[in-house]
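# Structural characterization, general
Listed here are the chains, written in short residue letters.
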Amino acid sequence: MNRLLSNTVIFLLLLSTLSVTGCKTTEIKTTEQIPVVHETADIPENELLDIGIRIFDPGLENLEQLDEDTLVFPEIRIAEASFFPYLLMEALQSSGAWGAVRVVPAGHDSVDVLVKGDIIQSDGEQLIVMVDVVDSRGHHWFNKQYAQKASRYSYDKKTQLRYEPFQNIYNRISNDLNEYRKSLTSQQLVELRLVSELKFAKDFSPQTFSEHLSQDESGLYLINRLPAENDPMLARIKQIRERDYLFVDTLQEYYSSYAKEMKAPYKQWRSESYNEVIAMRKMKDKALNQKMIGAAAIIAGIYGAGSSTGSARAASSVAVAGGAYVLKDGFERDADAQIHIEALQELGDSLQASIESQVIELEDRTVTLSGTVDNQYQQWKKILQEIYQSETGN
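Residues numbered from 1 in each chain as written. Predicted model: local features only at pLDDT ≥ 70, side-chain atom pairs only at ≥ 80, totals over all residues. Heavy atoms only, no water.

- Within an unreviewed UniProt entry, the label attached to the chain reads Lipoprotein, and the organism entered is Thalassomonas actiniarum.

This is the structure in C-alpha cells:
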C-alpha cells in the first residue's frame, strides 16, 4: 500500500508540474517603436551615397530542411520579397542621410551601397530577416540578423495601430546603416562614389576604363587614376548612366504601386496568420501537455502493477487506461493543429507579383521590355550597351 501511495504521489507531482509548464504562454504586449535617426548635419553633395536595395531572397530553396512547424507559403514569400525592400527604402529615405535610395533589380550593382536581404521567417507573428550590406569597393559593412515579434495590438481592430507591425526592423536597419556611414571619413565617402562611377564605366567600355580601376588581393576595388573631367568618353558614360537611372526610377513607380495594392490584402493575411499561429501553438502546447500527462499516468500505473496487493493492481489498471485515453486525446489535438496549418496554406493563394511590359521611346526606335523586373532590366542593359557602341564605335 505504501508503494501505491508513493506512485500516486509521484503521478500527482508530475501532473501538477506538467499542468503548470504546459499551459505557460508568453505574449508580447509592448508597442514601443524605435524611431529612425534623422541626419541633422548638412552632407556635401559629393559625399551623399546612393543606396540600392536588392529584392530580398524569399528563402524557398531550403524548405525541406526547415522544422515541420515552420510555416512557409511560397506565394506570400515571393510577394514579401518585393514588399520588404520598399518599406526599408521608405525608412532610409526618411532619415535624410543618403542620396538616392532605390529598390533595384538583380544585375544593378553600380551603386555606392548595396543592401541584400534574406527572409528567414515571416508568419504574421514573427519576422526574421538577414541583411548583408556591401559598398562599391566590395567592402562588407555588416551582415546581421534582425528579428521582431508583433504585438497583439497590431492586429486588434479595436486598438489597431497605424504603423507597420514590424517597422522596428526597418528603422533599426536604417539606423545601423547610418551609424556605419558616420564611421567613414569624407575621403572614403567621396572615393566610394568615384568607384561606383568607374565600375559602371568599366562595364560599358573595359578597353577605355580598365586601367583606372583595379582589385587588390582581397577583392577590394582601388582607384588607380581618374579620367580627365573633360574626357568625352566619360561624358558619354555619364549620359548612359543617367538613362540607366531613369529606367530604375521608372521601376520605383511599379514598386510603389505594388506596395500600395498589396498593403490591404497583406494586412488581412498577416492578421489572420497571426491568430492562426497563436492558436496552433496553443493547440500544440496543449497536445504536448496531454501526451506527457498521459505518459506519466501510464508510468505510474506500470509501477503500481508490480504491487502484490489486489487494490494496488486495480488502481494501476485504471491509471494505465486513463493515461492511454489522455495520450490519445493529445494526438487528436495534434490533428486539430494540422487543420490550422491547412487553413494558413489556403490564405496564401491570393498574392502574386507581376509587372506590365514597358514601352520606351528612343531617338531612333521604340523598344518594348517584357517579363519580370530582372528580365526587363537585363534587356535594358543590352539596349544601353548598343546605344553606347553606336555613339562611340566601340
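That was the structure; now back to the text.
### Considerations on the overall build of the chain
- Along the chain, the regular secondary structure elements total eight helices and nine strands.
- Expressed as a percentage of its 394 residues, the buried residues of the chain come to 43%.
- For the chain, long-range pairs separated by at least 24 residues make up 71% of all intrachain contacts whose partners lie at least 6 apart in sequence.
- With the model as given, the accessible surface of the chain reaches about 20500 Å², and the carbon-plus-sulfur share is 52%. (Helix = DSSP H or I, 4+ residues; strand = E, 2+ residues; numbered from the N terminus. Buried < 20%, exposed > 50% of the residue type's maximum accessible area, 1.4 Å probe, protein only. Contact = heavy atoms within 4.5 Å. Areas by Shrake-Rupley, 256 points an atom, 1.4 Å probe, with all protein chains shown as cover.)

### Some words on the nonpolar core
- Counting residues in each nonpolar core, the largest one holds 76 residues, and the members touching the most others are I53, W98, W141, L177 and W380.
- Those residues in contact with W98, other than ones at most four positions away along the chain, are L48, L49, I51, L92, W141, L177, N178 and R181. (Core = buried A, V, L, I, M, F, W, Y, C linked by side-chain atoms within 4.5 Å.)

### Quick look at the pairing of strand β3 (residues 113–122)
- Note: strand β1 (residues 51–54) against β3, three bridges, orientation parallel. Along β3, the bridge assignment pairs I51 with V113.
- Note: β3 against strand β4 (residues 126–135), nine bridges, orientation antiparallel. What sits directly across from L114, in β4, is V134. (Pairing = 2+ DSSP bridges.)

### Overview of the environment of Q376
- Among the structural elements, Q376 can be located in helix α8 (residues 373–392).
- Overall, the relative accessible area of 0% leaves Q376 in the buried class.
- Remark: the alpha-carbon pair of Q376 and Q358, spanning 18 residues in sequence, is separated by 8.4 Å.

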